[in-house]
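So the chains spell out like this:
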Amino acid sequence: SPSRRKLITETLQQSCAVVAVSSALADKVKSLGVESGKVHLVFSGINKTLFFKKDKASSKKVLGWDPFLKHIVFIGNLVDVKGVVYLIEAMRLLPKDVHLHILGDGELKDSLMKKSRVWGLDKRITFEGRKPHAEIPDWMNAADIFCLPSLNEGSPNVILESLACGTPVVASRVGGIPELLINDDFGLMAAPANVNELAICLKKALEKSWNHQVIAAHGLRFDWDDNAKHVHQ
């Protein structure tokens, strides 16, 4: 939107300081003519009292999941930019013992459910609806893989929350996500809107032996208290 871009650019240029939650966003701000010295990188954080590693088998039992299946979880709004349609299509290329849980709601829910039925995936994909934030840690801990196939992102908190629970992530290589998944110890990345590459990453992630303690330690580095101190400074 040219008019919105003009307003945003003017506001950023006139501000005393700009806080960006990823280097990718900081670079975009600078590209709009904002002085580098005014742009400060402060990553988002997580609520450590909610998001921490629990026993995966116990978490699956709490949710009533089949322990003999592999479980992928998506959490987010069901809108185009989240790329959920590519995740559903990728399920066609994954083994039949893989189940996808989609948490969230939005304008695409009906069309995504229809695609799931048409592609014969309705028994392998569950649309769970929205869940209270306090319940999300159970889903993060129970998941074998958390997937965020977005077409565009800043620095998504759901990835930080998944990591803090010790759950590896498969996500699109967009925005600030590469700054969170800094190597293959924490997750795998695919090109956005690429079904085949996403399916390959998911298959690899489901077969890989992960160090969940290392993943959780990495996720717990992103703390709201540290965030607040940096913003205050």
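Residues numbered from 1 in each chain as written. Predicted model: local features only at pLDDT ≥ 70, side-chain atom pairs only at ≥ 80, totals over all residues. Heavy atoms only, no water.

Undergrad: Hey, could you run me through the nonpolar core in this one?
TA: When a protein is soluble and globular, its nonpolar side chains tend to lie buried together. Core analysis: the largest hydrophobic core is formed by 59 residues, its most contacted members being Ile-72, Ile-159 and Leu-202. Ranked by residues supplied to this core, first place goes to helix α9 (residues 195-207) with seven residues. Those residues in contact with Ile-72 that lie beyond four places of it in its chain are Met-91, Leu-94, Val-98, His-99, Leu-100, His-101, Ile-145, Cys-147, Leu-202 and Leu-206. In this structure, Ala-20, Ala-26, Leu-32 and Val-34 belong to the second largest nonpolar core, which totals eight residues. (Core = buried A, V, L, I, M, F, W, Y, C linked by side-chain atoms within 4.5 Å. Buried < 20%, exposed > 50% of the residue type's maximum accessible area, 1.4 Å probe, protein only. Helix = DSSP H or I, 4+ residues; strand = E, 2+ residues; numbered from the N terminus. Contact = heavy atoms within 4.5 Å.)

Undergrad: What is the right way to look at the layout of surface pockets in this model?
TA: A probe matching the size of a water molecule, rolled over the atoms, marks out where space remains unfilled. Computed from the structure, the largest pocket encloses a volume of approximately 310 Å³. Along the wall of the largest pocket there are 17 residues; nearest its centre are Ile-75, Gly-76, Asn-77, Leu-103 and Val-158. It is helix α7 (residues 157-164) that contributes the most residues to the lining of the largest pocket, three residues altogether. Looking at the lining of the largest pocket residue by residue, the classes come out as six nonpolar, six polar and five charged. (1 Å grid on protein atoms, 1.4 Å probe; cavity = no way out; pocket = protein on both sides within 12 Å on 5 of 7 lines; lining within 4 Å. Points joined across faces, edges and corners; volume = space filled by probe spheres on them. Nonpolar A, V, L, I, M, F, W, Y, C, P; charged D, E, K, R; others polar.)

Undergrad: How should the packing of aromatic side chains be read in this particular structure?
TA: Two aromatic rings, taken as a pair, are described by how far apart their centres are and by the angle between their planes. Following the criterion strictly, the structure yields two aromatic pairs and no others. On the basis of an interplanar angle of 80 degrees and a centroid distance of 5.6 Å, the ring pair of Phe-43 and Phe-222 is categorised as edge-to-face. With a gap of 179 residues between them, Phe-43 in the loop between β2 (39-41) and α3 (56-63) and Phe-222 in the loop between α10 (212-219) and α11 (224-232) connect regions that are remote in the sequence. Phe-43 sits in the partly exposed class, given a relative accessible area of 25%. Arranged with centres 5.8 Å apart and planes meeting at 65 degrees, the rings of Trp-65 and Trp-139 form a pair that is edge-to-face. One end of the pair, Trp-65, is in the loop between α3 and β3 (70-75); the other, Trp-139, is in helix α6 (residues 136-142), with 74 residues separating them in the sequence. Overall, Trp-65 belongs to the buried group, its relative accessible area being 10%. Directly above the ring of Trp-210 sits Lys-208, whose terminal nitrogen or CZ lies 4.3 Å from the centroid. The aromatic ring of Phe-222 is capped on one face by Arg-221, whose charged end is 5.2 Å from the ring centroid. (Phe/Tyr/Trp six-rings, centres within 6.5 Å; stacked < 30°, edge-to-face > 60°. Lys NZ or Arg CZ within 6 Å of the ring centre and 35° of its normal.)

Undergrad: Would you take a moment to explain the environment of His-40 for this structure?
TA: With respect to the helices and strands, the residue His-40 is situated in strand β2. Judged by its relative accessible area of 39%, His-40 is partly exposed. Residues His-40 and Val-18, spaced 22 residues apart in sequence, show a C-alpha to C-alpha distance of 6.1 Å. What His-40 contacts, discounting residues up to four positions off in sequence, is Ala-17, Val-18, Val-19 and Ala-20.

Undergrad: Hey, could you run me through the pairing of strand β5 (residues 125-129) in this one?
TA: Along β5, the buried face is formed by Ile-125, Phe-127 and Gly-129; none of Thr-126 and Glu-128, which line the opposite face, is buried. Pairing geometry for strand β4 (residues 98-103) and β5, over four bridges, is parallel. Note on β5: the bridge partner recorded for His-101 is Thr-126. Crossover connection from β4 via helix α5 (residues 109-118) to parallel β5: handedness right-handed. (Pairing = 2+ DSSP bridges. Right-handed = clockwise from strand over helix to strand, strands pointing away.)

Shape is all these values report; function is a separate question.
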